[in-house]
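# An overview of the molecular structure
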Amino acid sequence: MSSLITAILGPTNTGKTYLAIERMLTFPSGMIGFPLRLLARENYDKIVRLKGAGSVALITGEEKIMPENPKYFVCTVESMPVERPVAFLAVDEIQTAADPERGHIFTDRLLRARGTEETLFLGSETIRPLLKSLLPECVIETRPRFSKLTYAGVKKITRLPARSAVIAFSLQDVYALAELIRRQKGGAAIVTGALSPRTRNAQVDLFQSGDVDYIVATDAIGMGLNMDIAHVCFTALRKFDGRKMRALSAAELAQIAGRAGRYRTDGTFGAAAEASALTQDVIDRIEEHRFEPLTGLFWRNPDVNTASADALLYSLRKKPDRAGLIGARKADDQLVLEELLADRKIAETLSTRDRVALLWEICKIPDFRKVTPQDHARLLGQLYRYILNDGRLPQDWFAKQVQNLDNTNGDIDVITGRIAGIRIWTYIAQRKNWIDRSAEWQERTGRVEDSLSDALHQKLTRRFVDKRTSILVKGMKTQVELVTEIGEDGQVTVEGQNIGEMEGLRFRPLTGAGKYADRVLINAAEKALSAEFQARANAICACSDDELTLENDAAVRWKGQTLGKIVKGRDALHPAFRLEAYETLDGAVTDKVKAKVSAWLDVYLTAKIAPLFNALRVFDEENATGTARGILWQVVEHVGTMPRSYVADMAKNLTDTDKKVLAKSGLRLGYDFLFFPMLLKPAAQRICAILWKIWNEKANDGAGFAIDGKMSFATEKGVPRALYLAQGYATAGTRAIRVDVMERLTAKLREITRADKGKPQLLPPELLSLAGLKRDEADEVFGFLGFSLIREKQTVGTGEEAKETETLMIRPKNKKHAAKKESPAPVNADSPFAALAALRK
């Protein structure tokens, strides 16, 4: 009884492969050939889950899993052991017989591979006429597509919908498009023919899992990769087929476009704005699955003659004698054979049928590296010589070739090249008659390929996927509540990804990865931090006063975290609070926080600089004259300290009542300064400095703060004298001296001035101690105050016990003695020492 030959034809997404496997498993034995190693492995795994590993064999060019008694064989079409009898045999994508490079292998399976009970071919409707012609006995069944495929027009890459596949026909274009999508959309998976199955599966998993919403691929995506693709976008309609640039046929475009839509879900296809638009005729053909039938299948003589080299070449050049078959162009194995036969030394060895057969078998080693026939021939020639001379490949030489490729360093192209290289050695390792320890070497080369494949996947992902954006998008799609952590340093992580820093009620996102990535990050932050913002706002409103602090830069902090800044208000003593909060925080929440901090600030300032606020109350309550009120108001405006010269005329008109009012307020009327002694303490001085800086809009300048407890200190360059004065310090040259100390110092100097009889007077040592001055600092300070310092040296003792001492003498400067660069302070409203200068006059 002859074998039943059937064919199931139809477009993509018709369930042909599923049906074939289901039918095969009803037979006691079976074999199915796939066009790609990837598909063979994928379906092998499915069948193993159904029938168990002991019942299923896997045979590909680079991988062989052979149980003791397998019932079913899953293979690549090239690797099908067709000489082995099985009840059922199937070949997928049989229309590939029209492919110029691999077609002759599929044609051979079509014409010669048979199951003892049934043979099934799966493919496109385009092969129907040739099937009828070449296999008149074939029963053909047509299956419709499960879902509808519709043209969606031209769309820019940046406007493609989620779950889109972007198609390009060169690696350069694939990488450029993936980089664009990473910047605009967060990332893309990559699928090309050069990827190993392990890398390709990992990249597909990126897309299938939702880690990325886009995949960029070559036409390698068109055969057997079933993914949840909603839209296919072509960026070009021409490709280089190995020999020339040519336009893709409607059938080829349909094979790729058919990846859109899965099972009952409809799909769409279109072109990018950068590509030539599809013609209406092509669009109609794709939507209606209506294509020009194939006119011929490529054929090569399967019965090669290895009696001699010439006989082998003659048999390979034989032309087909049946209608519908086309002589195949020279395949890679034939091109390499011709290169090797041109080598005289190799040609001279081909004296027997076995040697010719050996050379031909070696020529069949695939050129995974895609180098020139000459380069591939050099490697195969070396293999031939080793096997011919030694019967086996040398173990140390083979190990060295594998070791050279076992390196995961390098860029994407380098790793891709190494994967191609190791695939050759994996293929060779399966030939037990070529190498000892074949199983061991298969395992070793498999490990190297896996390692390189994992490295390639990582490099592709690192380059073309914004991992943070990917994880956030996936998290927001699948989780009601995002897993959020806020570290002690304020770093915020959502789903394990650092998205920014939180301080107080502010959030600073780590943006800058592109518009789409930034938008995803901000959306994730708002979703993840909304509850935290509310909780923090409630905690701030309920906190105790000692949990809030005012820093030198005018920042208000809560538990060390900045809430905002104190800014210029209606006057120097009443600054305003500006809350720094994330822009999407609810206005009612921020108003409560502002009210809380503002109320705290009023209490805080009242306590820290109480004399100023008390003075204002006295100002309002006491029956003082306008003169007293004017003086008091000006001192308060100067944040507590002011040269008396500023109000010299007003001070002359003070009544006794006025003086009592001013005394009650705590204000001291010094000879040169008006000041509040209680404000000369470090805590009050700091607040006065902050208030002065805020009023004068210099809060961000950290310079000019008084040194705690010092009677005098060196001034900082560029710091305004008024800032030191606000803290209760008068400047004398490059020294700042506390005003109460300065009052005592100038009082002593007035005594010296009165005793002056034209001669220098002894400078009391306590004056230096009073002003906190060292001897080498005294000249500048006293010079600024209008005095010359004279150092008289004298020797005390005699002989070895003699030592030199120095006595400081002082006298007022006059025209005769005055130094050019140290003129006395002028008598005007800006001089803090107007009274002293007037006395010297």
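Residues numbered from 1 in each chain as written. Predicted model: local features only at pLDDT ≥ 70, side-chain atom pairs only at ≥ 80, totals over all residues. Heavy atoms only, no water.

## Digging into the overall build of the chain
This is how the line gets drawn: In DSSP terms, a helix is any run of H or I states spanning at least four residues, a strand is any run of E spanning at least two, and both are numbered starting from the N terminus. Only the C-alpha atoms count toward the radius of gyration. The rule for a globule is 2.2 Å times the residue count to the power 0.38. The classification of residues rests on relative accessible area computed with a 1.4 Å probe and restricted to protein chains. Under 20% of the type maximum is buried, over 50% is exposed, and intermediate values are partly exposed. Only heavy atoms enter the contact rule, under which two residues are in contact if any of them lie within 4.5 Å. His is not counted here, nor are the chain ends, while Lys and Arg score as positive and Asp and Glu score as negative. All charge positions are set by atom: Lys at NZ, Arg at CZ, Asp at CG, Glu at CD.
A count of helical and extended segments in the chain gives 29 helices and 35 strands. Against the globule reference of 28 Å for 841 residues, the chain gives a C-alpha radius of gyration of 46 Å, more extended than a compact globule. When the backbone C-alpha atoms are referred to their principal axes, the chain occupies close to 145 × 75 × 50 Å. Within the chain, the fraction of its 841 residues that count as buried is 50%. Expressed as a percentage of contacts within the chain between residues at least 6 apart in sequence, the contacts between residues at least 24 apart total 66%. Across the chain, the mean location of the 122 positive side-chain charges is 3 Å away from that of the 108 negative side-chain charges.

## Some points on the sheet that holds strand β32 (residues 735-738)
Stated formally: If DSSP finds at least two bridges between two strands, the strands pair. Helix axes are fitted only over the stretch in contact, all axes being lines through C-alpha atoms; the angle between N-to-C directions runs from 0 to 180 degrees.
One open sheet holds the 3 strands; their spatial order is β30-β32-β31, and the pairing between them is antiparallel. Looking at which strands have only one partner, the edges of the open sheet turn out to be β30 (712-714) and β31 (729-732). On average, adjacent strands in this sheet sit at an angle of 25 degrees to one another, irrespective of strand direction. As defined by bridge partners, β30 adjoins β32 across 3 bridges and the pair is classed as antiparallel. Among the inter-strand pairings, Phe713 is bridged to a residue of β32, identified as Ala736.

## Looking at the pairing of strand β7 (residues 118-123)
Put simply, the rule reads: We call a crossover right-handed when, viewed with the strands running away from us, the connection from the first strand over the helix to the second turns clockwise.
Burial of β7 is extensive: 6 of the 6 residues sit out of reach of the surface. Side chains of β7 alternate between two faces, with Glu118, Leu120 and Leu122 and Thr119, Phe121 and Gly123 buried alike. Where strand β1 (residues 4-9) meets β7, 6 bridges bridge the pair, whose relative direction is parallel. Considered in β7, the bridge of Ile5 is made with Thr119. Summarising the sheet, strand β6 (residues 88-91) and β7 pair through 4 bridges and their orientation is parallel. Looking at β7, one finds that Leu89 is bridged to Thr119. Crossover β6 to β7 through helix α3 (residues 103-112) is right-handed.

## What to know about the layout of surface pockets
In plain terms, the rule: Each cavity reported here is a set of points on a 1 Å grid over the protein atoms alone in which a 1.4 Å probe fits but cannot get out, each pocket an open set with protein on both sides within 12 Å along at least five of seven lines, and each lining residue one with an atom within 4 Å of a point. Grid points are joined across faces, edges and corners, and a volume is the space filled by probe spheres set on the points.
Of the voids in this model, the second largest pocket is the one considered here, and its volume is about 380 Å³. Considering the residues around the second largest pocket, the lining is formed by 18 residues, among which Arg37, Arg41, Glu63, Glu449 and Asp450 are closest to the centre. Breaking the lining of the second largest pocket down by element, the ones donating at least two residues are α2 (37-51), β4 (64-65), α6 (197-208) and α16 (438-464).

## Structural notes on the packing of helix α7 (residues 250-257) against helix α8 (residues 280-288)
Worth spelling out the cut-off: In what follows, roughly perpendicular refers to angles from 65 to 115 degrees, roughly parallel to angles under 35, roughly antiparallel to angles over 145, and oblique to any angle outside these ranges. By convention the crossing between two helices is left-handed if the near helix lies anticlockwise of the far one by an angle smaller than a right angle, and right-handed if it lies clockwise. Each residue is assigned to one of three groups, with Ala, Val, Leu, Ile, Met, Phe, Trp, Tyr, Cys and Pro labelled nonpolar, Asp, Glu, Lys and Arg labelled charged, and all others, Gly among them, labelled polar.
It is the contact of α7 with α8, at a shortest axis distance of 9 Å, that shows an interaxial angle of 55 degrees. One finds that α7 runs oblique with respect to α8. Along this stretch, α7 crosses α8, giving a crossing that reads as right-handed. Residues Ala250, Leu253, Ala254 and Ala257 of α7 pack against Val282, Arg285 and Ile286 of α8. Here the contact of α7 with α8 is built from residues that sort into 6 nonpolar, no polar and 1 charged.

## Focus: the nonpolar core
To keep things clear, this is the line we draw: Side-chain atoms within 4.5 Å link the members of a nonpolar core, which is a set of buried Ala, Val, Leu, Ile, Met, Phe, Trp, Tyr and Cys residues.
Core analysis: the largest hydrophobic core is formed by 75 residues, its most contacted members being Phe507 and Ile609. Residues contacting Ile609, with those up to four places away along its chain left out, are Leu573, Leu679, Ala684, Ile687, Cys688 and Leu691. Listed in part, the 63 residues of the second largest apolar core include Val174, Leu341, Trp434 and Trp441.

## Let's talk about helix α15 (residues 412-429)
The α-helix winds at 3.6 residues per turn, so residues separated by three or four positions along the chain end up facing the same way. Rules: In this scheme, a helix's expected span is set at 1.5 Å multiplied by one less than its residue total. The definition of a polar contact used here is a pair of N or O atoms within 3.5 Å, where within protein one atom must be able to donate a hydrogen and the other to accept one, and adjacent residues in sequence count solely through side-chain atom pairs.
Here α15 is 18 residues long and its end C-alpha atoms lie 26 Å apart, about the 26 Å a rise of 1.5 Å per residue gives. The buried fraction of α15 amounts to 15 of the 18 residues, a majority that puts the element mostly inside the structure. Here α15 starts with a cap whose side-chain oxygen sits 3.2 Å from the backbone nitrogen of Asp413, and that cap is Asp411.

## Focus on the side chain of Thr6
Here Thr6 shows up in strand β1. Taking relative accessible area as the criterion, Thr6 reaches 10% and is therefore assigned buried. Other than its neighbours up to four places away in sequence, Thr6 contacts Arg23, Glu118, Thr119, Leu120, Phe121, Cys138 and Val139.

## Here's the deal with α8
Heads up, the rule is: Think of it as the arc spanned by the lines of direction from the helix axis to the C-beta atoms.
By the burial criterion, the buried members of α8 are Val282, Ile283, Arg285 and Ile286. Buried positions in α8, seen along its axis, are confined to an arc of 165 degrees and lie on one side of it. Buried residues in α8 make contact with β9 (149-155), α7 and β16 (267-272). Trailing α8 by a residue or two, His289 shows a phi angle of about 55 degrees, which is positive.

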